[in-house]
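Residues per chain, in single letters:
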Amino acid sequence: MIFKTKNLDIDAPATKGFWRSVFSRLSRNKLAMTSGLIIVTLTLMCIVVPIFSGVSYDKTNWGEIMQSPNMVHWFGTDSLGRDLFVRSFIGGRITFEIAFAAAFVVLLVGIFYGAIAGYVGGKVDTVMMRIVDILYGIPFLFFCILLITLFGNSMALSFVAIAAISWLDMSRIVRGQTLSIKHKEYVEAAMVSGVSNFKIITRHVIPNLLGVVIVYAALTVPNMIVLSAVLSFFGLGVTEPMTSWGLLISDGAQNMQAWWLLLFPAGLMIITLLSFAFFANGLRDALDPR
Amino acid sequence: MKKILEVKNLKVHFELGGGMFKAKRVVHAVDGIDFDVFEGETLGIVGESGCGKSSLARALCGLNKITSGSALFAGKIDLAKASSKEWNEVHKQMQFIFQDPVAALDPRMTVAEIISEPLITLYPDMKKDQVLQKVLATMKLVGLTQNQVNRYPQEFSGGQCQRIGIARALILEPKILICDESVSALDVSIKAQIINLLQELQQQLKLTILFISHDLGVVKHICNRILVMYLGNIMELGNKQAIYSNTLHPYTKALLSAVPVANPTLEKTKQIQLLEGDLPSPVNPPKGCVFSTRCPQADDVCRASRPKGKIIQEHFVTCFKA
Amino acid sequence: MDNKKPPLLEARDLVVEFKVQDGLVRAVNGLSFKVYDSEIIGIVGESGSGKSQTMLALMGLLAGNGKVKGSVKFNGQELVGMSTGKLNKLRGDQIAMIFQDPMTSLNPYLKISSQMTEVLMLHKNMPYKQALDEAIRMLDKVKIPDAKNRIHLYPHEFSGGMRQRVMIAMSLLTKPKLLIADEPTTALDVTVQAQILELLKELKQEMNMSIIFITHDMGVVANICDRVNVMYGGWLMETATIEQVFATPYHPYTSALLETIPNIEHDVDKLKTIPGEPPNLLHLPQGCPFQPRCSKVSPACSGQIPLRKIAPRHVMKCTVEVAQ
């Protein structure tokens, strides 16, 4: 709750809150800011390029098969004559969609699951964390193949598969943080004032672990990108003519003489991964200045 | 005088470890104590670390579970079996001030948010304007200025943080304040400010204070009555003059003699009763008197059975020798 | 004590600075003091007074962003600017340090026996058997019961007070000339504190060493020290024997500090207080750091303030008039 003091005739300057000072520290970190800019630009291009390029990503064009990069097709074309520039960004779009959506689910589920397990503790904690342990035991690829044989191959499924295993780490991290916050005196002060457990979690626990969580989330997104690429590399999840970075890289790897087929999608992905890593690093430094 | 808190045979035990194949061990933090707190007094609870004074204080305001016994609050609510509705009533009238002034404030909240939290929680119908007025009035009461209302705790020194903590406790206009080592972490020059503030507030608001501390100098200054604890048991209980100038229990004597006084001539000449050894484990307290393992006067009787508390010269003492 | 003998340790114009994000913090500012043979000198101060930073600077243990200026002579050797290797040798051998938390100098994964013998084998080239005997003898000396068997325990198997004794024993193994004790009894209960203080006084007599005792507790100072340095905001405010400090504290800070302490021996209705807040080292005033809180402040306080000798062995840094 923010109190407005204007009508009370008090000069009560609000000083920089936690998040604003984090941002001002972050903005001084050039590497992190550049990385952030690259991420934003790539995301925007993934949205914009397929819409405005006027070139279809899925139409076969027999007249322009396997062209190396040139002025018309900046990234060249593939074995069906499709423009790689457009395909790279439509693939990026799919990849980002899966990664961001999965990261969002991971954040939501991981935070609440971990915070409840850590805060309530005791038997509830034991049962909840054993469930996590059991899920950890399931081999990822095996799990995906099982899902696909049961429900058929679809993009939604690869998203479900990735989200289902990725929240486990997050919930463990959040639980650990919660355990340490739970014994802080400000949480006990809230208890002594009769604040309900749910309010304590949402008002005191989650805001105080958000810093760690955000850094971890920023590190999770590239993980998701890699996972979705791995799935599509094996032909799971996204299917032709739709594409993703994983699929493009897999194609490129099979046509090594057409070097551009591998170089551009892989290059984009590596740039993205590095940017996320640097950005997360900068975020961590900004959150925890020492 | 009216009793505001009646504690009878109160026990606070914690279970340790106890895995699938390990037997559970029980820490006897508070092991059956009786005392009353009267309205308007300051009762000091002293003892060394591990004596159970903090566990007692925390149990009284609901941070620890009471294992058995009873603690009757204001003659009507037994804290040992209070419902959550009754606890809310208790929270309105009994508040807690913590040891570490900085750690007791949520770093992500402004001063106003911190101080208003108890009010918003226990009086959810109160209007926002009223809440803010109350916050500002309480800040003034504890010596904070109004223009600090939107600042964050990191910008305050330890002494100011403790003032914020006191304001948070006082905004509900409680009857009892439990101070658990509330001035121990402060610098010497700030400590005196906060002690004076607590005393002024007590007079102004007719507060009852439970003052838990290991600092016998501070306790002597601020308290009317003093309760000396050792290993979860009461050793001696009485008013200040009785405890300090007519000490009966050997543990209290040792404790008082060990306090260093800011007076070199006195320090060079005084006789310190050095206690041998360490505090026994509260998991296996001694069979006889809990102090018998370190007591200079202990004999076989002391080691064989627990002494019952008795009243001598207006003291409540738990000792065979007194 | 005989003042003609050169002091064991002499600090002159010691300055300790830290570079932080918001500027330069001067934690210690122009500190000069002497430590003579077999005396216990106290350094008292509140948080931000620079008392701990002074000692870390002496030991060459400052954090990476810290810088030391000035001079510290130990037994004639200059410590400021000494190479780490030489300093390490000196630290293990002739200067020892004990801390508030014994676990900072004890390795939780090693038995006490191996930690103690290692020191002797390294610094004194003793064979293991002899080192073990010596270690047991030292544990006996700090009154650890059943030292012969308990030396083979791990640090966590000792209680807080016993652990402090183990740390003292370990620091004394090489028979140092100077022991720096940084709040060694602050975390302990009064009864245990009394034991440790007694022990330190006995050991000082027996081993003929000097002790620099850092604390914030004037009671502890009165108990154990011969002389005391009072620090505030990085400045050395007053140096005197403890009799002088407690009977005639001339510096306004020292006298105010003594008046704020609730005394177990005599009662007052209301404690005197020092108004204001502890110093913020980033925003110190020109001149004396105590000015904003001082009751005897004058315009001269924002200028240069020299050290003044008021009585034999009684020095202070203040402009206030002193009635002799």
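Not measured: the values here are computed from a predicted model. (Residues numbered from 1 in each chain as written. Chains lettered and ligands numbered in written order. Predicted model: local features only at pLDDT ≥ 70, side-chain atom pairs only at ≥ 80, totals over all residues. Heavy atoms only, no water.)

Novice: Got a minute to help me understand the overall build of chain B in this structure?
Specialist: In terms of regular secondary structure, chain B is built from eleven helices and twelve strands. Rg of the C-alpha trace for chain B: 21 Å, near the compact-globule value of 20 Å for 322 residues, within the 12% margin. Looking at chain B as a whole, 58% of its 322 residues qualify as buried. In chain B, the proportion of contacts linking residues at least 24 apart, taken out of those at least 6 apart, comes to 64%. Of the roughly 13,000 Å² that chain B leaves accessible, carbon and sulfur atoms contribute 51%. Across chain B, the mean location of the 38 positive side-chain charges is 2 Å away from that of the 31 negative side-chain charges. (Helix = DSSP H or I, 4+ residues; strand = E, 2+ residues; numbered from the N terminus. Rg over C-alpha atoms; globule rule 2.2 N^0.38 Å. Buried < 20%, exposed > 50% of the residue type's maximum accessible area, 1.4 Å probe, protein only. Contact = heavy atoms within 4.5 Å. Areas by Shrake-Rupley, 256 points an atom, 1.4 Å probe, with all protein chains shown as cover. Lys, Arg positive; Asp, Glu negative; His and termini not counted. Charge placed at Lys NZ, Arg CZ, Asp CG, Glu CD.)

Novice: Help me understand the overall build of chain A, please; the structure alone is not making it clear to me.
Specialist: If you tally the helices and strands in chain A, you get ten helices and zero strands. Its helices and strands taken in sequence order, chain A reads α-α-α-α-α-α-α-α-α-α from the N to the C terminus. Dimensions of chain A, computed from C-alpha atoms along their principal axes, come out at roughly 75 × 50 × 35 Å. Burial statistics for chain A: of 290 residues in total, 47% are counted as buried. Here the contacts in chain A between residues at least 6 apart in sequence split such that 73% fall between residues at least 24 apart. About 14,200 Å² of surface is accessible on chain A, with carbon and sulfur atoms providing 69% of the total. In chain A, 21 side chains carry a positive charge and 16 a negative one; their mean positions are 9 Å apart.

Novice: Is there a simple way to explain the interface of chain B and chain A in this structure?
Specialist: As a measure of interface size, the accessible area lost when the parts come together is often cited. Chain B puts 39 residues into the contact, and the matching count from chain A is 29 residues. With both sides pooled, the region where chain B packs onto chain A buries about 3,100 Å², and carbon together with sulfur makes up 59% of that total. Among the residues chain B hides against chain A, the three largest losses belong to Arg108(B), Glu117(B) and Asn150(B). Together they make up 20% of the total. The interface formed by chain B and chain A includes two salt bridges. For the salt bridge of Glu117(B) with Arg203(A), the shortest nitrogen-to-oxygen distance reads 2.6 Å. In this structure, the connection of chain B to chain A is made through ten residue pairs in polar contact (both at pLDDT 80 or more). Along the lines of polarity and charge, the residues of the side of chain B that touches chain A split into 19 nonpolar, ten polar and ten charged. (Buried area = accessible area lost by both parts, 1.4 Å probe. Salt bridge = Lys/Arg side-chain N within 4 Å of Asp/Glu carboxyl O. Polar contact = N/O pair within 3.5 Å; in protein donor to acceptor, adjacent residues only side chain to side chain. Nonpolar A, V, L, I, M, F, W, Y, C, P; charged D, E, K, R; others polar.)

Novice: Is there a simple way to think about the confidence of the model for chain A in this case?
Specialist: Per-residue pLDDT for chain A has a mean of 83; in total, 94% of the residues score no lower than 70. The element-level mean pLDDT for chain A is lowest in helix α5 (residues 140-151) of chain A, coming to 80, with helix α7 (residues 185-192) of chain A highest at 93. (pLDDT = per-residue confidence, 0-100.)

Novice: What am I meant to see in the environment of Arg294(B) here?
Specialist: Within the secondary structure, Arg294(B) is located in the loop between α10 (264-269) and α11 (300-304). Arg294(B) gets classed as buried once you look at its relative accessible area, which sits at 5%. For Arg294(B), the residues in contact, after removing those within four places along its chain, are Glu48(B), Tyr230(B), Leu275(B), Glu276(B), Gly277(B), Asp278(B), Leu279(B), Thr191(C) and Gln195(C). Side-chain polar atoms of Arg294(B) contact the side chain of Tyr230(B), separated by 3.4 Å.

Novice: Explain the pairing of strand β1 (residues 3-16) of chain B here, please?
Specialist: It is a general feature of regular strands that their side chains alternate between the two faces of the sheet. Residues and elements named next belong to chain B. Sheet topology note: the β1/strand β2 (residues 25-38) ladder contains eleven bridges and is antiparallel. For Glu15, the partnering residue across the bridge sits in β2 and is Val26. Direction of pairing for β1 relative to strand β4 (residues 68-73): antiparallel, over a ladder of five bridges. Looking at β4, one finds that Lys8 is bridged to Ser70. (Pairing = 2+ DSSP bridges.)

Novice: Just checking my understanding: could you explain the state of the cysteines for this structure?
Specialist: In a disulfide, the sulfur atoms of two cysteines are covalently bonded to one another. Residue and element names in this part refer to chain B. Throughout the structure, instances matching the rule amount to zero disulfides over all chains. Here Cys61 stays unpaired: no disulfide links it, and the sulfur of Cys179, its closest cysteine neighbor, is 11 Å away. On the basis of relative accessible area, Cys61 is assigned to the buried category, the value being 2%. (Disulfide = S-S within 2.5 Å.)

Novice: Looking at this structure, how should I read the interface of chain B and chain C?
Specialist: Taken together, the 40 residues of chain B in the interface contact 43 residues of chain C. Interface area, chain B with chain C, both sides summed: about 3,500 Å², of which 59% is carbon and sulfur. Taken together, the links from chain B to chain C amount to one salt bridge. Salt-bridge contacts for Lys270(C) lead to Glu200(B); the nearest nitrogen and oxygen are separated by 3.2 Å. At the boundary of chain B and chain C, one finds twelve residue pairs in polar contact (both at pLDDT 80 or more).

Novice: I tried to follow helix α4 (residues 128-141) of chain B on my own but got confused; where do I start?
Specialist: Given 3.6 residues per helical turn, the α-helix brings residues three or four places apart onto the same face. Residues and elements named next belong to chain B. The end-to-end C-alpha distance of α4, which contains 14 residues, comes to 20 Å, matching closely the 20 Å that a straight helix rising 1.5 Å per residue would cover. Next to the buried residues of α4 lie α3 (111-122) and α5 (158-170). Immediately beyond the C-terminal end of α4, within one or two residues, lies Gly143, with a positive phi of roughly 85 degrees. (Expected span 1.5 Å × (residues − 1).)

Novice: What's the story with the sheet that holds strand β2 (residues 23-35) of chain C in this structure? I'm lost.
Specialist: Backbone hydrogen bonds are what pair the strands of a sheet, in a parallel or an antiparallel way. All names here are of chain C. With antiparallel pairing, four strands are arranged side by side in an open sheet as β2-β1-β4-β5. Looking at the sheet topology across the chains shown, the edges are occupied by β2 and β5 (77-78). Note: strand β1 (residues 9-20) against strand β4 (residues 66-74), eight bridges, orientation antiparallel. When the bridges of β4 are listed, Glu10 appears paired with Lys73.

Novice: Looking at this structure, I do not really get empty space enclosed by the protein. What am I missing?
Specialist: If you roll a probe as big as a water molecule over the atoms, it shows you where there is empty space left. Residue and element names in this part refer to chain C. Within the structure shown, the criterion is met by nine cavities of 30 Å³ or more. Taken as a whole, the largest cavity encloses approximately 80 Å³ of empty space. Together, 13 residues line the largest cavity, and Pro252, Cys288, Cys294, Cys301 and Cys318 are the ones closest to its centre. Along the lines of polarity and charge, the residues of the lining of the largest cavity split into eight nonpolar, three polar and two charged. (1 Å grid on protein atoms, 1.4 Å probe; cavity = no way out; pocket = protein on both sides within 12 Å on 5 of 7 lines; lining within 4 Å. Points joined across faces, edges and corners; volume = space filled by probe spheres on them.)

Novice: How do you make sense of the pattern of salt bridges when you look at a structure like this?
Specialist: Proximity of charged atoms lets side chains of opposite charge pair with each other. Evaluated as defined, the whole model comprises 34 salt bridges over all chains. Measuring nitrogen to oxygen at the nearest pair gives 2.8 Å for the salt bridge that ties Glu41(B) to Arg225(B). Remark: Arg225(B) occurs in strand β9 (residues 225-230) and Glu41(B) occurs in the loop between β2 and β3 (42-46); sequence separation between them is 184 residues. With respect to burial, Glu41(B) and Arg225(B) carry one shared label: buried. A salt bridge links Lys124(C) to Asp93(C); the nearest nitrogen and oxygen atoms lie 3.8 Å apart. In this pair, Lys124(C) sits in the loop between α3 (112-123) and α4 (128-141) while Asp93(C) sits in helix α2 (residues 84-93), placing the two residues 31 residues apart along the sequence. Note on Lys124(C): relative accessible area 39%, which makes it partly exposed. The buried category is assigned to Asp93(C), whose relative accessible area is 18%. A single network of salt bridges, built from pairs that share partners, joins Arg130(A), Asp133(A) and Arg172(A).

Novice: What's the story with helix α9 (residues 250-258) of chain B in this structure? I'm lost.
Specialist: Of all nine residues in α9(B), eight are buried; the element is thus mostly enclosed. Of all the residues in α9(B), the buried ones are Pro250(B), Tyr251(B), Thr252(B), Ala254(B), Leu255(B), Leu256(B), Ser257(B) and Ala258(B). Residues of α9(B) that are buried in the fold lie against α7 (216-222), β9, β10 (233-239) and α8 (240-245) of chain B together with α7 (190-207) of chain C.

Novice: Looking at this structure, how should I read the side chain of Ser292(B)?
Specialist: All names here are of chain B. With respect to the secondary-structure elements, Ser292 resides in the loop between α10 and α11. Take Ser292: its relative accessible area is 6%, and that puts it in the buried class. In this structure the side chain of Ser292 is engaged in a polar contact, spanning 2.7 Å, whose partner is the backbone oxygen of Cys289. For Ser292, the contacting residues outside a window of four places in its chain are Pro286, Ala298, Cys302 and Arg303.

Novice: How should I be thinking about the layout of surface pockets in this particular structure?
Specialist: What the second largest pocket holds in volume is close to 970 Å³. Along the wall of the second largest pocket there are 28 residues; nearest its centre are Met191(A), Asn197(A), Gly62(B), Leu63(B) and Asn64(B). Sorting the residues of the lining of the second largest pocket by element identifies α3 (84-120), α4 (122-137), α6 (155-182) and α7 of chain A together with α1 (53-60) and α2 (84-93) of chain B as the ones contributing at least two each. Here the lining of the second largest pocket takes four residues from α2(B), the largest share from any one element. Of the residues contributing to the lining of the second largest pocket, the split by class is 13 nonpolar, ten polar and five charged.

Novice: Any chance you could explain the nonpolar core here in plain terms?
Specialist: Counting residues in each nonpolar core, the largest one holds 72 residues, and the members touching the most others are Ile166(B), Leu198(B), Phe211(B) and Leu216(B). Residue contributions to this core peak at seven residues, all from helix α6 (residues 188-205) of chain B. Once residues within four sequence positions are removed from consideration, Ile166(B) is found in contact with Ile97(B), Val142(B), Ile194(B), Leu197(B), Leu198(B) and Leu201(B). Phe96(A), Leu147(A), Val195(A) and Ile249(A) belong to the second-largest nonpolar core, a separate cluster that totals 69 residues. (Core = buried A, V, L, I, M, F, W, Y, C linked by side-chain atoms within 4.5 Å.)

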